[in-house]
Amino acid sequence: MGFKAFMVGVDREACRLYKQALDKYLPAEYSTVVYSRTTAEGLREYNLTDAEEKEVRKAFIKKSVVSARISLPDAVIEFIESRPKDFNYTSKTLSFTGYCSAEDAQNLETLCGDDADAVTKIRQLYEDYRKALPKILIVTEKLLTGFDAPILYCMYLDKPMRDHVLLQGIARVNRPYEDVEGLVKPYGFVLDFIGIFGDKLEQALTFESGEINDIIQNVDVIKNLLQTMMENTAPEYLPLAKGWDDKAKERAAAHFADKDLREKFFKFVRQLQSIYEILSPDPDLRPFMENYQAIVRLYGTIRAAYNTNPYIDIELTAKTKELVRRNVTIGELEMPGTIHELNAQQLEQFRQNSTTDTVKVLNLIQALLKAVHEQSQRSPFLISIGERAETVRASFENRQIDLSTKDKRLTVKELQ
């Protein structure tokens, strides 16, 4: 997802030990120690200058997953597919989702051969990725209060804290976050190694219990919310997600032609997968997994059909993305009659296929916008075609084109 974490140690020595332990299992660039400077032997090596700490703060507030539209040669795609936890390439979009070393970036550039545009974009993407590290800050006092980083999602708490220090520390992870791609942080998550969140919580916070409960909730609350969403809201969408043949996809496309309905569904799925990200692999998820997978498959398909840009699976959280990778094929996320490349053969198949006019319009708009994005620099005349396609898409979105009347013939004809 690209969220960040705090590891809170009891003192500087604990921070040092955590850093050494983390470096055994994670790349060293993933974590940075931030504490007040000291002259103590063995600890001063982690001292940061004021300028270095400022750079760390700036980097930490950035999302660690970065993406760019790039057309890549087969050799690069093969490398990416060999590292599915670190890289993703979907619909001409390369994403760094895990770890990319300087050597990895150099390998990607080398595999691009003479493609100067791809080399330049990969180089910039790696630079963006590097500037978003570290993912974990190891702290003991500094940054627990007064440091505003909405991207902070998780706090690993291994230090006794009380009152306003504890409350402000919790507030660090509880800041709301939503980006332009629709990634939403619904909660902050605290993993308590000390036991503060057990019977000791009200002793540690000198506030009324009602105030505490308004801020801090046990993970059981999240489980109850999942159950409520799957039992009360999911049934509204499940009939559209079952029996996933071409006719089912066409019915789903027609249902979600209403933009308000579509946005309501997208918001529901974003919250649902955020909860799944928190709870997985909890056994309590098992009764809901079949329906959850169906909902996510529906989301991926509708998102792909109606996006102005081709579907990017970065819109799925990490654990949901892995679930989709294991259980859903690319074909299941495509509308019937999808146009993979604008050429005479594909257009002839488009004219002859028996899909609904709604699906035809969606497929052709997506194919045109994709072609414009990839080829407009070489073929500037495509820009005006893309503008027309975008106008049709916007009219369709706003229900100004009625596909049950003669407008549907004009729309398909004009796009062709």
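Going by the structure above, here's the rest.
Thresholds applied
- Residues numbered from 1 in each chain as written.
- Predicted model: local features only at pLDDT ≥ 70, side-chain atom pairs only at ≥ 80, totals over all residues.
- Heavy atoms only, no water.
- Buried < 20%, exposed > 50% of the residue type's maximum accessible area, 1.4 Å probe, protein only.
- Helix = DSSP H or I, 4+ residues; strand = E, 2+ residues; numbered from the N terminus.
- Pairing = 2+ DSSP bridges.
- Axes fitted to C-alpha atoms, helices over the stretch in contact; angles between N-to-C directions.
- Parallel < 35°, antiparallel > 145°, perpendicular 65-115°, else oblique.
- Left-handed = near helix turned anticlockwise from the far one by under 90°.
- Contact = heavy atoms within 4.5 Å.
- Nonpolar A, V, L, I, M, F, W, Y, C, P; charged D, E, K, R; others polar.
- Arc of directions from axis to C-beta.
- Patch = residues over 30% accessible without salt bridge, like charges linked within 9 Å, V, L, I, M, F, W, Y side chains within 5 Å.
- Areas by Shrake-Rupley, 256 points an atom, 1.4 Å probe, with all protein chains shown as cover.
- Salt bridge = Lys/Arg side-chain N within 4 Å of Asp/Glu carboxyl O.
- Phe/Tyr/Trp six-rings, centres within 6.5 Å; stacked < 30°, edge-to-face > 60°.
- Lys NZ or Arg CZ within 6 Å of the ring centre and 35° of its normal.
- Core = buried A, V, L, I, M, F, W, Y, C linked by side-chain atoms within 4.5 Å.

### What about the pairing of strand S2 (residues 31-34)?
1) Next: Neither face of S2 is open: one carries Ser31 and Val33, the other Thr32 and Val34, and all of them are buried.
2) Next: Sheet topology note: the S2/strand S6 (residues 136-139) ladder contains four bridges and is parallel. In the strand pairing of S6, Val33 is matched with Ile138.

### Some thoughts on the packing of helix H12 (residues 259-279) against helix H13 (residues 289-306)
1) Next: One can describe the packing of H12 onto H13 by two numbers: an axis separation of 10 Å at closest approach and a directional angle of 135°. What the angle tells us is that H12 and H13 run oblique. Note that H12 runs across H13; the crossing there is left-handed. In this structure, H12 uses Arg262, Phe265, Phe266, Phe268, Val269, Arg270, Leu272, Gln273 and Tyr276 to contact H13, whose residues at the interface are Met289, Tyr292, Ile295, Leu298, Tyr299, Ile302, Arg303 and Tyr306.
2) Next: Here the contact of H12 with H13 is built from residues that sort into 13 nonpolar, one polar and three charged.

### Digging into helix H14 (residues 318-327)
1) Next: For H14, every residue scored as buried is listed here: Thr320, Lys321, Leu323 and Val324. What you see down the axis of H14 is that its buried residues fit within an arc of 160°, all on one side.
2) Next: Where the residues of H14 are buried, they touch H12 and H13.

### A look at a nonpolar patch on the surface
1) Next: There is a patch of nonpolar side chains on the surface, built from Tyr156, Leu191 and Phe193 and spanning about 260 Å² of accessible area.
2) Next: The residue Phe193 is located in the loop between strand S10 (189-192) and helix H7 (201-204) in this model.
3) Next: Classification of Phe193 by relative accessible area gives partly exposed; the value is 48%.

### Some points on the pattern of salt bridges
1) Next: The full count for this structure, using the stated rule, is 18 salt bridges.
2) Next: Here Glu41 ties to Arg44 by a salt bridge, and the two come within 3.1 Å at their closest N and O atoms.
3) Next: Relative accessible area serves as the criterion here: at 66%, Glu41 is assigned to the exposed category.
4) Next: For Arg44, a relative accessible area of 44% gives the class partly exposed.

### Concerning helix H4 (residues 102-111)
1) Next: Of all the positions in H4, only Asp104, Ala105, Leu108 and Glu109 are classed as buried. Buried positions in H4, seen along its axis, are confined to an arc of 140° and lie on one side of it. The outward face of H4, more than 90 degrees from its buried face, is lined by the exposed residues Glu103 and Thr110.
2) Next: In this structure, the buried residues of H4 make contact with helix H3 (74-81), strand S4 (87-90), strand S5 (93-96) and helix H5 (116-130).

### Side note on the sheet that holds S5
1) Next: Spatially, the three strands line up as an open sheet ordered S3-S5-S4, and their pairing is antiparallel. Sheet topology places strand S3 (66-69) and S4 at the edges, where each strand pairs with a single neighbour. Across the sheet, the mean angle separating the axes of adjacent strands is 15° when strand polarity is ignored.
2) Next: Here S4 pairs with S5 via four bridges, running antiparallel. Residue pairing for S5: Phe87 is matched across the bridge by Phe96.
3) Next: Running at roughly 130° to S4, H3 makes contact with S4 and S5 of the sheet.
4) Next: Of the strands in this sheet, S3 and S5 touch H5, which is tilted by about 165° from S3.

### Topic: the packing of aromatic side chains
1) Next: On inspection of all chains with the given rule, the structure shows 19 aromatic pairs.
2) Next: For the pair Phe79 and Phe87, a centre-to-centre distance of 5.9 Å together with 45° between the ring planes defines the contact as tilted.
3) Next: Measuring from ring centre to ring centre gives 5.3 Å for Phe87 and Phe96, while their planes differ by 80°; the resulting arrangement is edge-to-face.
4) Next: A relative accessible area of 0% means that Phe96 is categorised as buried.
5) Next: An aromatic cluster is defined as three or more aromatic residues linked by ring pairs; in this entry it consists of Tyr237, Phe256, Phe265, Phe266, Phe268 and Tyr299.
6) Next: Over the ring of Tyr35 we find Arg12, and its NZ or CZ is 5.7 Å from the ring centre.
7) Next: Above the ring of Phe266, the side-chain terminus of Arg303 is found at 4.5 Å from the ring centroid.

### Let's talk about the sheet that holds strand S1 (residues 4-8)
1) Next: The parallel open sheet is built from five strands, whose spatial order is S2-S6-S1-S7-S10. In this open sheet, the two strands that pair with only one neighbour each are S2 and S10. Taken over all neighbouring pairs, the strand axes of this sheet differ in orientation by 20° on average, direction set aside.

### Here we look at the environment of Pro239
1) Next: Locating Pro239 in the fold gives a position in helix H10 (residues 238-241).
2) Next: Taking the C-alpha atoms as reference points, Pro239 and Ala252, 13 residues apart in sequence, are found 9.2 Å from one another.

### Remarks on the nonpolar core
1) Next: Core analysis: the largest hydrophobic core is formed by 57 residues, its most contacted members being Phe265, Phe268 and Leu298.
2) Next: When neighbours within four sequence positions are excluded, Leu298 is seen to be in contact with Tyr237, Leu240, Ala241, Trp244, Ala252, Phe256 and Phe265.
3) Next: Membership of the second largest hydrophobic core comes to 22 residues, among which are Val66, Phe79, Ile80 and Leu125.

### Quick notes on the packing of H4 against H5
1) Next: Interhelical geometry of H4 versus H5 gives an angle of 165° and a closest axis separation of 9 Å. In terms of their interaxial angle, H4 and H5 are classed as roughly antiparallel. Crossing geometry of H4 relative to H5 is assigned as right-handed. Where H4 approaches H5, its residues Ala102, Ala105, Leu108 and Glu109 are matched on the opposing element by Val119, Ile122, Arg123 and Tyr126.
2) Next: Classifying every residue of the contact of H4 with H5 gives six nonpolar, no polar and two charged.

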